[in-house]
Amino acid sequence: MKHVKKIAVAVLLFVAATSFVNAQSKVAHIDVTLLLSAMPEMKAAEAELKKLSETYNADIESSMTELRNKYTQYENEAASKSKEENEKRALELQGVRNNIGEAQQAAQRELQKKQQELFAPISDKAKAAIEKVAAEQGFDYVIDAQPGGGLIVAQGKDLLVDVKKELGI
């Protein structure tokens, strides 16, 4: 009889502890990438970045065309020029190639800087909306549902629809 009482008490304590743990925190998930891609501000920022990228690419392509033309010209004239002149031209072409490479690197840095500048306020706005919706609905934790985002089980409430509604999208 004492043995049965001990088992009953143990089961009762287990059930109480499990209920207590479950009541401690509420967890929800949201795919932040989907949220950000649905925001009009993100679409505008991506369009601006694309336009800037195309401008840089056009400038670099123009420089590459100029380099190819100059290379073809120098190659066609090489037989009629002195060895010193050809060496000077080869160094000139190498300098132009180096300048183009530096321009490509500078363009990449500028694009990354512009991306950070454009995306930071959008990300902050999304984070604030997520925090507001989570607080309103009583969630203690919201996990990014993106694969690799630390999510193990996605059975909690998905806040994507509610956060989009909060943002008016």
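Above: the structure in question.
Residue indices begin from 1 for each chain and proceed along its sequence in written order. Two thresholds apply to this predicted model, a pLDDT of at least 70 for residue-level local features and 80 or more for giving and counting side-chain atom pairs, whereas whole-chain, interface and lining totals are computed over all residues. No hydrogens and no water enter the side-chain calculation; it runs on all heavy atoms of the structure.

As a further point, take the pairing of strand S1 (residues 27–30). Two faces make up the sheet, and in a regular strand the side chains alternate between them. Note: two strands are recorded as paired if DSSP finds a minimum of 2 bridges between them. Numbering of helices and strands runs from the N terminus, with a helix taken as a DSSP run of H or I at least four residues long and a strand as a DSSP run of E at least two residues long. Where S1 meets strand S2 (residues 141–144), four bridges bridge the pair, whose relative direction is parallel. Bridge pairing in S2 links alanine 28 to valine 142. Of the strand pairs in this sheet, S1 and strand S3 (residues 157–158) are connected by two bridges, and their pairing is parallel. Residue pairing across strands places alanine 28 opposite lysine 157, the latter belonging to S3.

A separate point is the nonpolar core. Core analysis: the largest hydrophobic core is formed by 22 residues, its most contacted members being Ile30, Leu35, Met39, Leu159 and Val163. Looking at this core, the elements with two or more residues in it are S1, helix H2 (32–38), helix H3 (40–77), helix H4 (83–137) and helix H5 (160–167). The biggest single contributor to this core is H4, with nine residues. Whether two residues are in contact is decided by their heavy atoms, any of which lying within 4.5 Å being enough. When neighbours within four sequence positions are excluded, methionine 39 is seen to be in contact with Ile122, Lys125, Ala126, Leu167 and Ile169. Only buried residues count toward a nonpolar core. Its members are Ala, Val, Leu, Ile, Met, Phe, Trp, Tyr and Cys residues joined through side-chain atoms within 4.5 Å. A simple rule labels every residue: compare its accessible area, found with a 1.4 Å probe on the protein chains alone, to the largest value its type can have, and call it buried under 20%, exposed over 50%, or partly exposed in between.

With respect to topology, three strands assemble into an open sheet ordered S2-S1-S3, the strand pairing being parallel. One side of each edge strand has no neighbouring strand; the edge strands of this open sheet are S2 and S3.

For any two helices packed against each other, one specifies the inter-axial angle together with the distance between the axes. The axes used here are C-alpha line fits, helices contributing only the stretch in contact, and every angle between their N-to-C directions lies in the interval 0 to 180 degrees. Between H3 and H4, the least distance of the axes is 10 Å, while the angle of their chain directions is 180°. Taken together, H3 and H4 sit at an angle that is classed as roughly antiparallel. For the contact of H3 with H4, the residue count by class is 19 nonpolar, four polar and eleven charged. By definition in this entry, angles of less than 35 degrees are roughly parallel, angles greater than 145 are roughly antiparallel, angles of 65 to 115 are roughly perpendicular, and the rest are oblique. The classification used treats Ala, Val, Leu, Ile, Met, Phe, Trp, Tyr, Cys and Pro as nonpolar, Asp, Glu, Lys and Arg as charged, and all other residues, Gly among them, as polar.

Residue position: alanine 134 is located in helix H4. Considering only alpha carbons, one finds alanine 134 and alanine 28, 106 residues apart in sequence, at a separation of 8.1 Å. If near-sequence neighbours (up to four positions away) are discounted, alanine 134 is found in contact with Phe139, Val142 and Leu159.

Our focus in this paragraph is the environment of arginine 97. Along the polypeptide, arginine 97 turns up in helix H4. Exposure remark for arginine 97: the relative accessible area of 40% places this residue in the partly exposed category. C-alpha separation for the pair arginine 97 and methionine 64, spaced 33 residues apart in sequence, amounts to 8.2 Å. Polar contact criterion, stated in full: a pair of N or O atoms within 3.5 Å, where within protein one must be able to donate a hydrogen and the other to accept it, and residues adjacent in sequence count only if both atoms are side-chain atoms. For arginine 97, the side chain forms a polar contact with the side chain of glutamine 94, separated by 2.7 Å.

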